[in-house]
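Chains, contacts and geometry: an overview
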Amino acid sequence: MTPPPPRKPLIAGNWKLNKTIKEAIELVTLLKRLITDFQNVDVVVCPPFTALSDVSELLMESEIQLGAQDLYWEEKGAFTGEVSGALIKDAGAAFVIVGHSERRQFFHETHDTVQKKTKAALKNGLIPIVCIGETLKEREASKTFEVLEAQIKGAFTGFNKEEIQQITVAYEPVWAIGTGKVATPAQAEEAHAFVRGRMQKAFGEETAAALRILYGGSVKPDNTADLMREPDIDGALVGGASLEPNSFAEIVKNAGVAALR
Ligand code: 13P
């Protein structure tokens, strides 16, 4: 069996509910100037829906790629306020974040909705970045692996290998999101290795070995390299620091350097 190609790190910026169209254009204009080396790292920005189309136009000639932050699983119809995978694709995005902990926490997303959204993303040719991760309470109760296992099962039941080969997973411990409290490289690696192990059990060695697993939670320029040097950490999903052009560019640069490990 030929070994799968090494996993190229992916740095994705999740802008959350931030940036007007004008601000988005300003940020991306600066990022295009600051990020020029894509040899060892892939880069994605995920603005709010309202800015997707304008940012897409701006990224036409760039290697920076575009993602949305959520999608609805139905294609069209009477679903007021929702945005389908087809519409996201139409706006120019190639990626979509699914099941972010803020969606699970504030908008009642369940294993079932995450699974449906992941399927819908794939159906529309979007790469889903599927988020999983435990809360502080769950970690303190030693339930981290149990929670991750349930989230993996919930999201990927009914998927085949070919589908899993199109997805990216993001491990985002909820206690590290927006808190400035980053998981140590060892804590993150332990969780990532666990996730890869479960994916291996379910979908085989080759699929698991090729799967990109991103870390998310208080990623900053000065903690990026140490995280990225861990064998099972293949990039980052960045919140706060992705809103600041110099920080995001620095994270991308540090991830690229660490990839040469
Ligand atoms: P922060 O980088 O702000 O902690 O957010 C992480 C996150 O939720 C990315 O999706």
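In the block above lies the structure referred to throughout.
Let's shift gears to the packing of helix α7 (residues 144-156) against helix α9 (residues 185-203). It is at 10 Å that the axes of α7 and α9 come closest, and there the two elements cross at 40°. Comparing the axis directions of α7 and α9 gives the class oblique. Between α7 and α9 lies a crossing of right-handed hand. Here Phe-145, Leu-148, Glu-149, Ile-152 and Phe-156 of α7 come into contact with α9, specifically with Glu-190, Ala-191, Phe-194, Val-195, Arg-198, Met-199 and Phe-203. For the contact of α7 with α9, the per-class residue count stands at nine nonpolar, no polar and three charged.

This next bit is on the packing of aromatic side chains. Two measures describe an aromatic ring pair: the distance that separates the ring centres and the angle between the ring planes. Here the structure, examined in full by the defined rule, presents six aromatic pairs. Measuring from centroid to centroid gives 6.5 Å for Phe-106 and Phe-107, while their planes differ by 90°, and the two rings are edge-to-face. Sitting over the face of the ring of Phe-107, Arg-103 holds its NZ or CZ atom 4.2 Å from the ring centroid. Note that Lys-119 overlies the ring of Phe-159, its terminal NZ or CZ placed 4.4 Å from the centroid.

Let's shift gears to the pattern of salt bridges. Following the criterion strictly, the structure yields 16 salt bridges and no others. When the shortest N-O distance is used, the salt bridge between Lys-117 and Asp-70 registers 2.9 Å. One end of the pair, Lys-117, is in helix α5 (residues 111-123); the other, Asp-70, is in the loop between β3 (65-68) and α3 (85-90), and 47 residues separate them in sequence.

A word on the site of the ligand. Looking at the ligand, there are 13 residues lining it, with Lys-16, His-100, Gly-178, Ser-218 and Gly-240 nearest. Between Asn-14 and the ligand, the recorded distance is 3.0 Å, taken from a side-chain N or O atom to an oxygen atom. In this structure, an oxygen atom belonging to the ligand sits 2.8 Å away from a side-chain N or O atom of His-100. Relative to its free-state accessible area of 310 Å², the ligand is covered by the protein chains to the extent of 96%. Classifying every residue of the shell around the ligand gives four nonpolar, seven polar and two charged.

The buried fraction of strand β2 (residues 42-46) amounts to five of the five residues, a majority that puts the element mostly inside the structure. Here β2 shows a buried face lined by Asp-42, Val-44 and Cys-46 and a second buried face lined by Val-43 and Val-45. Inspection of the sheet shows strand β1 (residues 10-14) paired to β2 by five bridges, in the parallel sense. When the sheet's bridge partners are listed, Gly-13 is paired in β2 with Val-45. For the segment spanning β1, helix α1 (residues 21-34) and β2, crossover handedness is right-handed. As defined by bridge partners, β2 adjoins β3 across two bridges and the pair is classed as parallel. When the bridges of β3 are listed, Val-44 appears paired with Gln-65.

Let us now look at helix α11 (residues 221-228). For α11, the set of buried residues is Asn-223, Thr-224, Ala-225, Leu-227 and Met-228. Summarising the contacts, the buried residues of α11 are in contact with α9, β7 (212-216), β8 (235-238) and α12 (245-258).

With that settled, the discussion passes to the sheet that holds β7. The eight strands lie next to each other as β1-β2-β3-β4-β5-β6-β7-β8, forming a closed barrel whose pairing is parallel. Taking the axes of each pair of neighbouring strands and ignoring which way they run, one obtains an average angle of 25° across the sheet.

This part is about α5. The terminal C-alpha atoms of α5, which comprises 13 residues, lie 18 Å apart, in line with the 18 Å expected from a rise of 1.5 Å per residue. The set of residues buried in α5 consists of Thr-113, Val-114, Gln-115, Lys-117, Thr-118, Ala-120, Ala-121 and Leu-122. On its buried face, α5 sits against β4 (95-98), α4 (101-106), β5 (127-132), α7 and α8 (161-164). Two residues or fewer after α5 comes Gly-125, characterised by a positive phi angle close to 75°.

Conventions and cut-offs
Residues numbered from 1 in each chain as written. Predicted model: local features only at pLDDT ≥ 70, side-chain atom pairs only at ≥ 80, totals over all residues. Heavy atoms only, no water. Axes fitted to C-alpha atoms, helices over the stretch in contact; angles between N-to-C directions. Helix = DSSP H or I, 4+ residues; strand = E, 2+ residues; numbered from the N terminus. Parallel < 35°, antiparallel > 145°, perpendicular 65-115°, else oblique. Left-handed = near helix turned anticlockwise from the far one by under 90°. Contact = heavy atoms within 4.5 Å. Nonpolar A, V, L, I, M, F, W, Y, C, P; charged D, E, K, R; others polar. Phe/Tyr/Trp six-rings, centres within 6.5 Å; stacked < 30°, edge-to-face > 60°. Lys NZ or Arg CZ within 6 Å of the ring centre and 35° of its normal. Salt bridge = Lys/Arg side-chain N within 4 Å of Asp/Glu carboxyl O. Near = heavy atom within 4 Å. Polar contact = N/O pair within 3.5 Å; in protein donor to acceptor, adjacent residues only side chain to side chain. Areas by Shrake-Rupley, 256 points an atom, 1.4 Å probe, with all protein chains shown as cover. Buried < 20%, exposed > 50% of the residue type's maximum accessible area, 1.4 Å probe, protein only. Pairing = 2+ DSSP bridges. Right-handed = clockwise from strand over helix to strand, strands pointing away. Expected span 1.5 Å × (residues − 1).

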